[in-house]
Amino acid sequence: MKNIDACLPSKRTLHLRGEILRHQTYLFTQLRTGHAWVNAKLRKLYEDDKCECGAKETFLDILVNCPLLREQRKQLRKKIGDSFSSMTRMLGGWERNGQGKITQWPIDRTVLNAVIEFAEVSQRF
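Residues numbered from 1 in each chain as written. Predicted model: local features only at pLDDT ≥ 70, side-chain atom pairs only at ≥ 80, totals over all residues. Heavy atoms only, no water.

**Brief notes about the overall build of the chain**
Defined as follows: Per the convention used, a helix needs a DSSP run of H or I reaching at least four residues, while a strand needs a run of E reaching at least two, with both numbered from the N terminus. Throughout, exposure labels follow a simple rule: accessible area from a 1.4 Å probe, protein chains only, divided by the maximum for the residue type, with under 20% read as buried, over 50% as exposed, and the rest as partly exposed. Contacts are assigned to residue pairs that have any heavy atoms within 4.5 Å of one another. Here the accessible surface of atoms and residues is derived via Shrake-Rupley with a 1.4 Å probe, and residues count as covered only by protein chains that are part of the display.
The number of helices and strands found in the chain is 6 helices and 2 strands. The secondary structure elements of the chain, listed N-terminal to C-terminal, are α-α-α-α-α-β-β-α. Looking at the chain as a whole, 42% of its 125 residues are labelled buried. Counting only contacts in the chain whose residues sit at least 6 apart along the sequence, the fraction spanning at least 24 positions is 53%. Accessible area for the chain stands at about 7900 Å²; split by element, carbon and sulfur atoms hold 51% of it.

Laid out in structure tokens, this is it:
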């Protein structure tokens, strides 16, 4: 979790969620904690931890790499622009700059909503 948000725990996390629906809060929490129910986490139940595309299925792979979600990811990139280059920004966290100080930016609900929408559409979480 510290990889996504260097300032946890905080009231910011509560503010990030805003007034989203319960199932969206569930997806948002899975993404921010990295504890999504993907095959890499469920390998004890399944024989392998592979995605349908053949790569190891992790939440990061689903969000940025899986070729089977190329079209959905294209829409996500269009909606969130430069935020796509930072997992921290995609999930509403704060990060540390080169001097170790925390970099803050305003909460962008459109980015968070787009990421949650991608998670819903992908049906992989």
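**Considering the confidence of the model for the chain**
Rule in force here: A score between 0 and 100, pLDDT records how confident the predictor is in each residue.
Looking at the chain as a whole, its pLDDT mean stands at 77, while 71% of the residues score no less than 70. For the chain, per-element mean pLDDT is lowest for helix H1 (residues 11–17), which scores 64, and highest for helix H4 (residues 70–80), which scores 95. Here residues 39–43 is a poorly scored stretch, pLDDT under 50, and it has 16 contacts once near neighbours within four places are set aside; other chains count.

**Things to note about the packing of H4 against helix H6 (residues 109–122)**
Keep this limit in mind: Only C-alpha atoms enter the line fits that serve as axes; for helices the fit covers just the stretch in contact. Angles between N-to-C directions range over 0 to 180 degrees. Note on angle classes: values under 35 degrees are labelled roughly parallel, values over 145 roughly antiparallel, values of 65 to 115 roughly perpendicular, and the remainder oblique. Nonpolar residues are Ala, Val, Leu, Ile, Met, Phe, Trp, Tyr, Cys and Pro. Charged residues are Asp, Glu, Lys and Arg, and all others, Gly as well, are polar.
In the contact formed by H4 and H6, the axes pass within 9 Å of each other and the chain directions differ by 170 degrees. By the angle between their directions, the pair H4 and H6 is classed as roughly antiparallel. Mapping the contact onto sequence places Gln72, Arg73, Leu76, Lys79 and Ile80 in H4 and Val111, Ala114, Val115, Glu117, Phe118 and Val121 in H6. Residues of the contact of H4 with H6, tallied by class, amount to 7 nonpolar, 1 polar and 3 charged.

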